[in-house]
Amino acid sequence: MLRSVSMTDDRTPDQPEDSTRSEPETKKADPFAGLTIDFGGGAVDAVPLGGNGANGSGGGSDSVPIGGGAGGGNPGGGNLGGPISFGSPIVFDAPAPAVEQRTGHPGSGGTGDDDRDAARTKLLIIGSGPAGLTAAIYASRANLDPIVLAGVVPGGQLMITSDVENYPGFPEGILGPELMAKFREQAERFGSRIHDVDVERVDLSSRPFGVWARGVEYRADSIIVATGASALWLGLESETRLRGRGVSACATCDGFFFRDKEIAVVGGGDTALEEATYLTRFASKVHLLHRRDTFRASKIMVERAEANPKIEIHTNLAVDEVLGGAKVEGLRLRDTVTDQQRDVPMEGLFVAIGYRPNTEVFRDWLEVDEKGYLVVRDETGSQIEGVFIAGDVHDHRYRQAVTAAGDGCRAAIDAERWLEAEGISEATTATAW
Ligand code: NDP
């Protein structure tokens, strides 16, 4: 059961833990007494980067609400070298080409040939998470000279992820931003032109397709949409502040850091039930908190959770605040029937209230399914010839960095093949097709 304690949330991060916890209101045995919180050097090291608009494909963990517009973030150019400081903005040592001074149609005169070339491409990739940047690596190696519109908020979901331990090739794990910096470096090494701008509008009615971003009109023979999806958050200031310090939106990515911890999952859909069940592999106890008394989740998922001795299901409970200075130490919960609040100790919070694909600017052009994700046809295609789709913007099933990257590869190869069939370029990637 959830036992209430009196907790305050006005401590500084430097205060010792013991000085911050008040006596439990009840004199009965406190299951949280003597609780020590140690994130094992994992989640606790990371703090949110920025705070909004992490567009971009990617299957990483924490992400932030959609910042509007399409266009995946990118992680900054070049080699970040040493350890990344999560507390400060990432410095791009290879800034994107300065395209913002140019206006108007690249081919409509007044901007010169160089400018026209800078915004004209055989392949435009929108999004710079693992899908977009992998597509860029493949496309640039195939001499397609791709332009990547990467978004003004760098990086996709991995940019606000701490340790990534399930991306193959990094046996010791790698920080999300560092991994994305490597993706970008690799794409640029082969000549991808990466512009850190958000897409504002697209016109897919005829080819070359038109894409507008920060006053520049881009023209492309083909497009790969890799704008990703963003996890939804509760919208609490304390939730944002403690993201990466015990608050997460990805059990697959961060569950490992909660070994033997008592944690909560908020949400009443399949994602919440699935994540709660998954987290029992690590946590000593998982409290599932749902704001209503009926679940959106499928019956079988609820039954599975009910049968799991490590899961305690609590209905009619909302999270009003995440408590803790430097890391999550508790939750302020509200009974949604009586409106009564109480504080409970907790060592972690997984927010599992759904995802939103970043599809706004494409909605007039591309088909979306009932959940708002783009509909893929014939592997990576769309209903518009020459427009391809990759990563989490269509994939609500796997949502992993490695699957998004694989998808980016597939889309780039399909685009290359299509461009060749159209007589726009020669296919150079050796494949078995
Ligand atoms: P859902 O939209 O199905 O569920 C979201 C849940 O979060 C709802 O219970 C909702 O509560 C709750 N919620 C939303 N906003 C808040 C908030 N601000 N505070 C508290 N609670 C909130 O999203 P899911 O991600 O769970 O699922 C999306 C789709 O993906 C579904 O179709 C699902 O079936 C599918 N899916 C399938 C899986 C599988 O088959 N293995 C695994 C995961 C997802 P309320 O009910 O009150 O609105």
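Here the structure is shown first, and the text comes after it.
Here goes a summary of the coordinates provided.

### Details of the sheet that holds strand β14 (residues 317-323)
Phase 1: Read from one edge of the open sheet, three strands run β14-β15-β16, paired in antiparallel fashion. The open sheet has two edge strands, β14 and β16 (341-345), and neither has a second partner. Across the sheet, the mean angle from the axis of one strand to that of its neighbour is 30 degrees, orientation sign disregarded.
Phase 2: Bridge count between β14 and strand β15 (residues 330-335): six bridges; the pairing is antiparallel. Looking across to β15, one finds that V322 is bridged to L331.

### Some words on the packing of aromatic side chains
Phase 1: With the rule as written, the count across this model stands at seven aromatic pairs.
Phase 2: A centroid spacing of 6.4 Å and a plane angle of 45 degrees characterise the contact between Y167 and F170, whose relative ring orientation is tilted.
Phase 3: According to the relative accessible area criterion, Y167 is buried, its value standing at 15%.
Phase 4: Where F256 meets F282, the ring centres are 6.4 Å apart and the plane angle is 75 degrees; that geometry is what we call edge-to-face. Of this pair, F256 sits in the loop between α6 (251-254) and β11 (262-266) while F282 sits in the loop between α7 (270-279) and β12 (285-289), placing them 26 residues apart in sequence.
Phase 5: On the accessibility criterion, F256 (42% relative accessible area) is partly exposed.
Phase 6: Judged by relative accessible area, which is 11%, F282 ranks as buried.
Phase 7: Three or more aromatic residues joined by ring pairs form one cluster here, namely F256, F257, Y278 and F282.
Phase 8: Lying over the aromatic face of W233, R243 brings its terminal NZ or CZ to 3.9 Å of the ring centre.
Phase 9: Seen from the ring of Y355, R399 lies directly overhead, with NZ or CZ sitting 3.8 Å from the centre.

### A look at the sheet that holds strand β13 (residues 311-314)
Phase 1: The five strands lie next to each other as β10-β17-β11-β12-β13, forming an open sheet whose pairing is parallel. Of all strands in the sheet, those with a lone pairing partner are β10 (247-248) and β13, marking the two edges.
Phase 2: Where β10 lies against strand β17 (residues 348-351), two bridges are found, and the strand directions are parallel. Note that in β17 the partner of S248 across the bridge is F350.

### Side note on the site of the ligand
Phase 1: Among the 14 residues in the neighbourhood of the ligand, the closest are listed as D270, T271, E274, R292 and R296.
Phase 2: In the model, an oxygen atom of the ligand is placed 2.5 Å from a nitrogen or oxygen of the T271 side chain.
Phase 3: In this structure, a nitrogen atom belonging to the ligand sits 2.8 Å away from a side-chain N or O atom of E274.
Phase 4: Relative to its unbound accessible surface of 910 Å², the ligand loses 69% to contact with the protein.
Phase 5: Classifying every residue of the shell around the ligand gives two nonpolar, six polar and six charged.

Thresholds, definitions, all that
Residues numbered from 1 in each chain as written. Predicted model: local features only at pLDDT ≥ 70, side-chain atom pairs only at ≥ 80, totals over all residues. Heavy atoms only, no water. Pairing = 2+ DSSP bridges. Helix = DSSP H or I, 4+ residues; strand = E, 2+ residues; numbered from the N terminus. Axes fitted to C-alpha atoms, helices over the stretch in contact; angles between N-to-C directions. Phe/Tyr/Trp six-rings, centres within 6.5 Å; stacked < 30°, edge-to-face > 60°. Buried < 20%, exposed > 50% of the residue type's maximum accessible area, 1.4 Å probe, protein only. Lys NZ or Arg CZ within 6 Å of the ring centre and 35° of its normal. Near = heavy atom within 4 Å. Polar contact = N/O pair within 3.5 Å; in protein donor to acceptor, adjacent residues only side chain to side chain. Areas by Shrake-Rupley, 256 points an atom, 1.4 Å probe, with all protein chains shown as cover. Nonpolar A, V, L, I, M, F, W, Y, C, P; charged D, E, K, R; others polar.

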